[in-house]
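Close look at the chain arrangement
The primary structure of each chain is shown beneath.
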Amino acid sequence: MFGPRVIQVEPLVTARGVRGPFDYARPDGCDVGSVVDVPFGRQRLRGVVTALAEESEHKLKAPTAVLDVSLPPELVRLALWMADDVVSTPARCLELLLPPEGVAERTRFWADPVLPPPRPDGPPAPAEGDDRYTGIRLNANQRAVLDRLPDWAGDDLPTLRRLESRGLVEISARARPRRPEHLDVGAHHGDGRSAPVLNPDQALAVERIAAVLDDPGTDPHERRLLLHGVTGSGKTEVYLQAAQRVIEAGRTVLVLVPEIALTPQTVARFRRRLGETVAVLHSGLSKGERRDEWWRLRSGEARICVGPMSTVFAPVSDLGLVIVDEEHDPAYKHDGDPRYDARRVAAWRAQQHDAVLLVGSATPRPESWASLRRIGLPRRADGRDMPLVRLVDVRGTRGTLHPDVHRAIADARKAIVLLNRRGWATWMECADCGHTWECPNCDVSLVLHGARPGTDGSGPGGSLRCHHCGHQERPPTRCVACQSVSVGQHGLGTEQLADDLPGHVYRLDADVRDRASVLEAFGAADHGILVGTQMIAKGHDFPDVELGVVVDADATLRFPDFRAQERTFQLVAQLAGRAGRGGGPDAAPARVLVQTRAPDDASLRFAARHDAHGFLVEEIERRRALGYPPFSTIVRVVCEHPDEARVQAAADAVAVRMPEDTMGPVPLFRRQGRFRRQLLVKAPQRAATVHAVRWAVSAVIGEAAHRGVMLAVEVDPR
Ligand code: ADP
Ligand code: ZN
Ligand code: ZN
């Protein structure tokens, strides 16, 4: 064989102890990206070829198998880069990129008719309408089957086999991909198969994107664009037309949306416009569907993939455009290991292919605002005015809702009410002795769920639940500490609010199983109130919502995090974005009421004026002054162990090895029976800081004294 004789294989094992790659002899047809089974000690392991080499200092064994599946070399590079970038392992990153295992291709039999060969001295070809099978003896059934070819659905195999033995048909097995058709639910209204006429802002946006797409010579910085369009400005239409251009030019497209719940709407819009070339990848699909969509993309049959964050790993080649919709959404940050940020991966992939990166939002992150070229859509596509936002000062208000807010909800035909606390009541407390009910495994209050106001004195019903470990218990009828029966419920949650409000109420939060159906029902309803956590503010395009309410804007504002202002601004602006859509330019503008005890807060004031520009300019200056991202990278280390002394010792051991201005270790609340300590470093040099933290953590992992303590590193925590 020509070329390098050694393959370097990264075994797909999750143990951090096994550090590849390992050398093996290179079989025929094996290249970077090939998936192989290799002998490893006494076991056989599956692995991915990450590199080739001329020689090896080891005695080489050969793989026992080379599989049919392989990764494009670009995705192998991605895995290696990502492992480094977010302090994970190549194996864990490679796992994200491979199709699901253990499902086979689905096939069906396919029969093609074989015409009797014309005799060289025979009569001229039969005229149209002639029976091709004249002179061949067939029974009625056989003739009927032949007449249906080649559109044969596979119902009469014995007859076909008989025809095959007479040389009249050829039977073969063909792939029959599983298609996630159930995702093709309709968007509520608006666009169909053909593109609407773009308004001037949209047309200009598409033109500017096209100019960058068509000019491969533009400097890489120019190829990263931010589509800053107010809510309802028609960003999706711009994405669609940009994507269409790229597909027509023969290249491929990735479209990322933040939520599975939002995927069907977006997928439906892309499918209707671009057809079968659209694929979807996400965890809501069956294994078989995921496998087949993966192969459609890998083979080039599908050239655009739409879906949530994992879409960024779609095995497409020749990428031309990567779109990230609602780029501000924290859902793009993955929670498990590897703790990657899909937006960062999107930028990396775009850069590898010289593709255009297009991120869109009404409320962009300061990071994107500061570094990307901006394209604006300043008006709503339907010509309506932005909703009127009023900050309602609730200092001195008794009860959950200000009287004005209560009246507005009662008067509105369709309203959306946001409260970022799920459950019935957030905590229970004894009115006599102050005892509170906490989780036995975590240092947090238990949340009351499924309660109804008790009328018979038998207690609230429902259950007390921990939102961090799943612990459940029955709600108390009296205090365990002092036997008092006056146990109070505090902190109203979405369940209770939904119960309190008049009229037809729809509820949407993480406890609701079929969220897509709730969204659909509310979208189609003539009147009603949608109550829910922040997920109701995300990207949905409901017509005719007259009123939006934020019950407690201070909840995000009070959060001790440098992103508190950014989150608050986004939440209010995004909720306002759900109101006043559809209905035409003459419809009265919708209203949004924001309850707060801090009506002078800058982020709320900017949000009330729909002034993202003003907010971002100020916020970026604040970040610069305090050295927060994008002017630095934050890396966080969390140590966990059931024994508090041991976790403290490990955290101290990490701390002495960390870069100079590390904060901590500080205790985090105990979770799932584990004590936790956090260390935080904020530094301008990303790569160097990540490297230093990795070194500190590996040193402690290697020490026998700290064995068993879990150490997790998170770069850019959300
Ligand atoms: P965004 O994503 O910016 O919030 P959408 O893409 O959901 O906005 O568009 C808002 C609404 O405007 C949708 O119902 C869409 O069908 C409609 N729309 C977008 N562009 C046009 C257009 N050029 N003409 C008419 N309607 C449009
Ligand atoms: Zn008590
Ligand atoms: Zn718990």
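Treat the numbers as computed from the prediction; the structure is a model and nothing was measured. (Residues numbered from 1 in each chain as written. Chains lettered and ligands numbered in written order. Predicted model: local features only at pLDDT ≥ 70, side-chain atom pairs only at ≥ 80, totals over all residues. Heavy atoms only, no water.)

**Let's talk about the coordination of the zinc ion (ligand 3)**
Protein coordination of the zinc ion (ligand 3) is provided by Cys 439 (SG), Cys 442 (SG), Cys 466 (SG) and Cys 469 (SG), with donor distances spanning 2.2 to 2.4 Å. Written as a sequence motif, the donor arrangement for the zinc ion (ligand 3) is C-x2-C-x23-C-x2-C. Linking Cys 439 in the loop between strand 17 (425–430) and strand 18 (447–449) with Cys 466 in the loop between strand 19 (463–465) and strand 20 (472–473), this pair joins segments that are 27 residues apart in sequence. Of the two residues, Cys 439 and Cys 466, neither departs from the other in class, the shared state being buried. (Donors = N, O, S within 2.8 Å, 3.2 Å for Na, K, Ca; no water. Helix = DSSP H or I, 4+ residues; strand = E, 2+ residues; numbered from the N terminus. Buried < 20%, exposed > 50% of the residue type's maximum accessible area, 1.4 Å probe, protein only.)

**Observations regarding the sheet that holds strand 16 (residues 414–418)**
Strand order across the open sheet formed by six strands is 15-25-24-16-23-22, with parallel pairing between neighbours. The sheet is open, and its two edges are formed by strand 15 (388–393) and strand 22 (505–508), each paired on a single side. Here the strands of the sheet are splayed against their neighbours by 15° on average, with no regard to which way each runs. When strand 15 meets strand 25 (residues 591–596), the two strands line up parallel, connected through six bridges. Bridge pairing links Asp 393 to Thr 596 in strand 25. Together, strand 16, strand 22 and strand 23 (528–532) form the strand contacts of helix 13 (residues 515–524), whose direction differs from that of strand 22 by roughly 145°. (Pairing = 2+ DSSP bridges. Axes fitted to C-alpha atoms, helices over the stretch in contact; angles between N-to-C directions. Contact = heavy atoms within 4.5 Å.)

**Quick notes on the coordination of the zinc ion (ligand 2)**
In this structure, Cys 430 (SG), Cys 433 (SG), Cys 479 (SG) and Cys 482 (SG) serve as the protein donors to the zinc ion (ligand 2), at separations of 2.2 to 2.4 Å. For the zinc ion (ligand 2), the four donor atoms are set out with angles of 103 to 112° between them, so the coordination reads as tetrahedral. Mapped onto the sequence, the donors of the zinc ion (ligand 2) take the spacing C-x2-C-x45-C-x2-C. Cys 430 sits in the buried class, given a relative accessible area of 2%. The class of Cys 433 is partly exposed, set by a relative accessible area of 41%. (Tetrahedral: all angles 85-135°; square planar, octahedral: opposite > 155°, others 65-115°.)

**Comments concerning the environment of Ala 696**
Inspection of the secondary structure puts Ala 696 in helix 19 (residues 686–701). A relative accessible area of 0% means that Ala 696 is categorised as buried. Setting aside residues up to four positions removed in sequence, Ala 696 forms contacts with Val 654, Arg 657 and Met 658.

**Notes on the nonpolar core**
Core analysis: the biggest nonpolar cluster contains 83 residues, and Leu 71 and Leu 530 have the highest contact counts within it. Sequence-distant contacts of Leu 71, that is, excluding residues within four places in its chain, are made with Val 32, Gly 33, Val 48, Val 76, Leu 94, Leu 97, Leu 98, Trp 294 and Arg 298. With 30 residues, the next largest nonpolar core counts Ala 205, Leu 240, Val 280 and Val 306 among its residues. (Core = buried A, V, L, I, M, F, W, Y, C linked by side-chain atoms within 4.5 Å.)

**Structural notes on unusual backbone geometry**
In this structure, Pro 338 follows Asp 337 across a cis peptide bond, with omega equal to 0°. By the secondary structure assignment, Pro 338 is in the loop between strand 12 (319–324) and helix 9 (342–352). The omega torsion across Gly 664 and Pro 665 is 10°, close enough to zero to call that bond cis. Not every positive phi belongs to a glycine, and Asp 354 is a case in point at roughly 55°. Summarising the element assignment, Asp 354 is placed in the loop between helix 9 and strand 13 (356–361). Positive phi is not limited to glycine here, since His 610 has a value of about 55°.

**Here's the deal with the sheet that holds strand 26 (residues 633–641)**
Reading across from one edge, 27-28-26-29 is the order of the four strands in this open sheet, with antiparallel pairing throughout. Of all strands in the sheet, those with a lone pairing partner are strand 27 (663–671) and strand 29 (710–715), marking the two edges. Taken pair by pair, the neighbouring strands of this sheet meet at an average axis angle of 25°, ignoring direction. Two strands pair when backbone bridges link them, and strand 27 and strand 28 (residues 674–683) are joined in this way by five bridges, in the antiparallel orientation. Opposite Pro 667, over in strand 28, you have Arg 677 as the bridge partner.

**Details of the packing of helix 18 (residues 644–657) against helix 19**
Where helix 18 contacts helix 19, the axes come no closer than 9 Å and their chain directions differ by 140°. One finds that helix 18 runs oblique with respect to helix 19. Classified by chirality, the crossing of helix 19 by helix 18 is right-handed. Of the residues in helix 19, those in contact with Ala 650, Ala 653, Val 654 and Arg 657 of helix 18 are Trp 695, Ala 696, Val 697, Ala 699 and Val 700. Looking at the contact of helix 18 with helix 19 residue by residue, the classes come out as eight nonpolar, no polar and one charged. (Parallel < 35°, antiparallel > 145°, perpendicular 65-115°, else oblique. Left-handed = near helix turned anticlockwise from the far one by under 90°. Nonpolar A, V, L, I, M, F, W, Y, C, P; charged D, E, K, R; others polar.)

**Concerning the packing of aromatic side chains**
Any pair of aromatic rings gets described here by the distance separating the centres and the angle formed by the planes. Evaluation of the coordinates by the stated rule reveals nine aromatic pairs. Between Phe 569 and Phe 615 the ring centres are 4.4 Å apart and the planes differ by 0°, which places this aromatic pair in the stacked class. Of this pair, Phe 569 sits in helix 15 (residues 564–578) while Phe 615 is found in helix 17 (residues 612–626), placing the two residues 46 residues apart along the sequence. For the residue pair Phe 569 and Phe 615, the accessibility class agrees, reading buried in each case. These aromatic residues form a ring-pair network of at least three members: Tyr 506, Phe 522 and Phe 542. Note that Lys 414 overlies the ring of Phe 522, its terminal NZ or CZ placed 5.0 Å from the centroid. (Phe/Tyr/Trp six-rings, centres within 6.5 Å; stacked < 30°, edge-to-face > 60°. Lys NZ or Arg CZ within 6 Å of the ring centre and 35° of its normal.)

The analysis is restricted to geometry; functional conclusions fall outside its scope.
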